[in-house]
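These are the residues of each chain, in order.
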Amino acid sequence: MNDYEVVVLGGGPGGYVAAIRAAKLGKKVALIEARELGGTCLNRGCIPSKTLLRHAEVIETIEKAKQWGIETGEMTFSLSKMLDRKDAVIQQLRNGISYLLKQGKIDVYQGIGNLEENGKIAVQLAEKKEIIRGEKIILATGSRPLVPAIDGIEEAAYFTSDTIFDIEKIPESMVIIGGGIIGVELACIFASLNVPVSIVEMSDRIVPSEEPEASKALAKALKKKQITILTSTKVVRVEQRDGSQLIHVESDNGKAQILDTEAILMAVGRAPNTSSFDGLNLQMDGPFVKTDSAMQTSNPSIYAVGDVTGGWQLAHVASAEGVVAAANAAGQTETVDYRMVPRCVYTSPEIASVGLTEADAKRQGIDYKVVRVDHAGNGRALAQDEKEGFTKLIAGTKYGEILGVLMVGPHVTEMIAEPSAFIHLEGTVDELASMIHAHPTITESLYEAAASWIGKGVHH
Ligand code: NAD
């Protein structure tokens, strides 16, 4: 039996990062991964979606360029080439992880690990079963797409985010069940390929995890792309008839309709993967593993990070938790600072936010003031022909401390790092307004919002 100081279960952005960190702290480390290194994010999530969204952006730009006097010939799509590029990007990043694990002298077990008592883990490899032991164990087993109990769904042919990135042909039509982040990102990808897309969302707006004005701006943009959005609507039944799939939906006000579609994408959230340690009776928080601020579970030798712990189901949060869990497993004392988790939706326009929303500030009884600057007067946004977005800044009235920022517009997912840094360093609107911002840039809207907040705005 091989003994390790740290064994990590799961090789996604929570797990592989934890393994490397523990190895860098001088520990003897093993990583167990049943599928490909990189987990959901790299293989079936963030990276494939962002690669295909880049294609969508280029297609949209080519279309738009006609109005600028730039004409190309007829546009054609090769789905197989698009998917080949996506696979090449994934492979390159997988190789990178593999290299880093080798550098760290981390033993990688390719198989399914099951936790037993006293730090023992049974690993089912391709040919044999092996038992290894970990003094400390870090669970990073992630999550899987949730499939709700809809009448007729068992007989339906549906995609989830696990399967959609290997779709073999561009479908004639698509219904996306769930208008959360996966739903809207995939809607942009398929709409750019001229697929008529309908989103069915049970909440009263798409991306309900973001502020209402972000949902509104995105809904307007998606409708322009001919995407149909049905909010406050539930799927009651899926029926197979004459080779097509009929989705029976009903809105909260009782209006029923039937959507006829070739493809269905299920995007209603994700459930944690806990089966590999079910026998240990760890304390749970609903379906998720309960952890404390050190990422320690109710068993002091076992830590848990990422989607399996609930909270933010985001790759960058999983990595931050992985780093902290590894440090703590190695005898240090670290905690995760969740105050400035950037939240990014890579649609067009993009949505990026950090810190508190207005609803959070209200709920916490904070005295705050908000400034919103529309991008319609921003030189760079106009030059780009992407003026639909806005920047919203929330700061505490007493000290002008920046509490939250929401940006909607092109590439705002890159720009959110600036307000994140301000929040991290407890920066104020005065400090932000005293910083020269390059002209013309969309981040000038952030500067404008801060200047306006303190009554020194020039353009606002
Ligand atoms: P989500 O929670 O973001 O959205 C699910 C949506 O489905 C919600 O809006 C919900 O109201 C709706 N819904 C639930 N049941 C429904 C039903 N029966 N009929 C109609 N609508 C229904 O979940 P997701 O989009 O599946 O994404 C899963 C996780 O992955 C999220 O936590 C998300 O943050 C993460 N993710 C992040 C990114 C990113 O950071 N860009 C991208 C993709 C996924």
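Caption draft 1: Quick look at the packing of helix α1 (residues 15-24) against helix α7 (residues 315-329). Contact pair α1 / α7: the axes reach a minimum separation of 8 Å and the direction vectors enclose 30°. You can see that α1 and α7 cross each other, and the crossing is right-handed. Contacts between α1 and α7 involve Val-17, Ala-18, Arg-21 and Ala-22 from the former and Ser-319, Gly-322, Val-323 and Ala-326 from the latter. Class assignment for the residues of the contact of α1 with α7 results in 5 nonpolar, 2 polar and 1 charged.

Caption draft 2: Looking closely at the site of the ligand. The local shell around the ligand holds 19 residues, among which Ile-182, Glu-185, Glu-201, Gly-269 and Cys-344 are the closest. Between the ligand and the protein, one listed contact pairs an oxygen atom with a backbone N or O atom of Ile-182 at 2.9 Å. Between the ligand and Glu-185, the relevant distance is 3.0 Å, taken from a nitrogen atom to a side-chain nitrogen or oxygen of the residue. Calculation on the ligand without its partners gives an accessible area of 840 Å², and the protein chains cover 80% of this total. Its residues assigned to classes, the shell around the ligand comprises 11 nonpolar, 4 polar and 4 charged.

Caption draft 3: Up close: the packing of aromatic side chains. Counted by the stated rule, this structure contains 1 aromatic pair. Measuring from ring centre to ring centre gives 6.1 Å for Tyr-4 and Tyr-109, while their planes differ by 90°; the resulting arrangement is edge-to-face. Highlighted residues: Tyr-4 in strand β1 (residues 2-9) and Tyr-109 in strand β3 (residues 107-110), separated in sequence by 105 residues. Positioned over the ring face of Tyr-4 is Lys-28, at 4.9 Å from the centre of the ring.

Caption draft 4: The arrangement of helix α5 (residues 181-192) in detail. Here α5 is 12 residues long and its end C-alpha atoms lie 17 Å apart, about the 16 Å a rise of 1.5 Å per residue gives. Taken together, the buried positions of α5 are Gly-183, Val-184, Glu-185, Leu-186, Ala-187, Cys-188, Ile-189, Phe-190, Ala-191 and Ser-192. On its buried face, α5 is in contact with α3 (46-65), β8 (174-177), β9 (197-200), α6 (212-224), β14 (263-266) and β19 (343-345).

Caption draft 5: Here's a closer look at the sheet that holds strand β20 (residues 350-355). Read across the open sheet, the 5 strands follow the order β19-β20-β23-β22-β21; overall the sheet is antiparallel. The sheet terminates laterally at β19 and β21 (368-374), the two strands that pair on one side only. Across the sheet, the mean angle separating the axes of adjacent strands is 5° when strand polarity is ignored. With 3 bridges connecting them, β19 and β20 associate as antiparallel partners. Across the sheet, Cys-344 pairs through a bridge with Ala-352, a residue of β20.

Caption draft 6: Molecular detail of the sheet that holds strand β12 (residues 244-251). Here 3 strands make up an open sheet; going across it, the order is β11-β12-β13 and the pairing antiparallel. In this open sheet, the two strands that pair with only one neighbour each are β11 (233-241) and β13 (256-261). Within the sheet, the average angular offset between the axes of one strand and its neighbour, ignoring direction, is 25°. Where β11 and β12 come together, 8 bridges link them in antiparallel fashion.

Caption draft 7: Up close: the nonpolar core. Counting residues in hydrophobic clusters, the biggest one holds 39 residues, and the most contacted among them are Ile-176, Phe-190, Ile-206 and Leu-222. Elements with a minimum of two residues in this core: α3, α4 (79-103), β8, α5, β9, α6, β14 and β23 (402-409). With 7 residues, α5 is the single largest residue contributor to this core. Filtering out sequence-adjacent residues up to four positions away, Ile-176 remains in contact with Gly-183, Leu-186, Ala-187, Val-197, Ser-198, Ile-199, Val-200, Leu-265 and Ala-267. Grouped together as the second largest cluster of nonpolar side chains are 27 residues, Val-8, Val-17, Met-295 and Ala-325 included.

Caption draft 8: Broad picture of the pattern of salt bridges. Counted by the stated rule, this structure contains 25 salt bridges. Here Lys-66 makes a salt bridge to Glu-63, at a shortest N to O gap of 3.3 Å. Residue Lys-66 is classed as partly exposed on the basis of its relative accessible area, which comes to 42%. Residue Glu-239 is joined to Arg-237 by a salt bridge in which the shortest nitrogen-to-oxygen separation is 4.0 Å. Under the relative-accessibility criterion, Glu-239 is labelled buried at 17%. With a relative accessible area of 33%, Arg-237 lands in the partly exposed category.

Caption draft 9: Representation of the side chain of Thr-443 in the model. Its location among the elements puts Thr-443 in the loop between α12 (429-433) and α13 (444-453). On the basis of relative accessible area, Thr-443 is assigned to the buried category, the value being 16%. The residues contacting Thr-443, other than those within four sequence positions of it, are Met-415, Glu-418 and His-437.

Caption draft 10: Expanded view of the environment of Arg-94. Tracing the backbone through its elements, the reader meets Arg-94 in helix α4. In this structure Arg-94 comes out as partly exposed when scored by relative accessible area, which is 22%. Distance from Arg-94 to Gly-38, taken between C-alpha atoms, is 6.3 Å for residues 56 residues apart in sequence.

Caption draft 11: Looking closely at the side chain of Ser-161. In this fold, Ser-161 is placed in the loop between β7 (143-145) and β8. Look at Ser-161 and you get buried, because its relative accessible area is 5%. A polar contact is formed between the side chain of Ser-161 and the side chain of Arg-270, at a distance of 3.4 Å. The residues contacting Ser-161, other than those within four sequence positions of it, are Arg-44, Pro-145, Ile-182, Leu-265, Met-266 and Arg-270.

Caption draft 12: Focus on the packing of α3 against α4. Direction vectors running N to C along α3 and α4 enclose 140°, while the axes themselves pass 9 Å from each other. The angle between α3 and α4 places the two elements in the oblique class. Crossing geometry of α3 relative to α4 is assigned as right-handed. Residue-level inspection shows Ile-47, Pro-48, Thr-51, Leu-52, Arg-54, His-55 and Ile-59 of α3 in contact with α4, the latter providing Met-82, Leu-83, Arg-85, Lys-86, Val-89, Ile-90 and Leu-93. Taken together, the residues of the contact of α3 with α4 break down into 9 nonpolar, 2 polar and 3 charged.

What counts, and at which threshold
- Residues numbered from 1 in each chain as written.
- Predicted model: local features only at pLDDT ≥ 70, side-chain atom pairs only at ≥ 80, totals over all residues.
- Heavy atoms only, no water.
- Axes fitted to C-alpha atoms, helices over the stretch in contact; angles between N-to-C directions.
- Helix = DSSP H or I, 4+ residues; strand = E, 2+ residues; numbered from the N terminus.
- Left-handed = near helix turned anticlockwise from the far one by under 90°.
- Contact = heavy atoms within 4.5 Å.
- Nonpolar A, V, L, I, M, F, W, Y, C, P; charged D, E, K, R; others polar.
- Near = heavy atom within 4 Å.
- Polar contact = N/O pair within 3.5 Å; in protein donor to acceptor, adjacent residues only side chain to side chain.
- Areas by Shrake-Rupley, 256 points an atom, 1.4 Å probe, with all protein chains shown as cover.
- Phe/Tyr/Trp six-rings, centres within 6.5 Å; stacked < 30°, edge-to-face > 60°.
- Lys NZ or Arg CZ within 6 Å of the ring centre and 35° of its normal.
- Expected span 1.5 Å × (residues − 1).
- Buried < 20%, exposed > 50% of the residue type's maximum accessible area, 1.4 Å probe, protein only.
- Pairing = 2+ DSSP bridges.
- Core = buried A, V, L, I, M, F, W, Y, C linked by side-chain atoms within 4.5 Å.
- Salt bridge = Lys/Arg side-chain N within 4 Å of Asp/Glu carboxyl O.
- Parallel < 35°, antiparallel > 145°, perpendicular 65-115°, else oblique.

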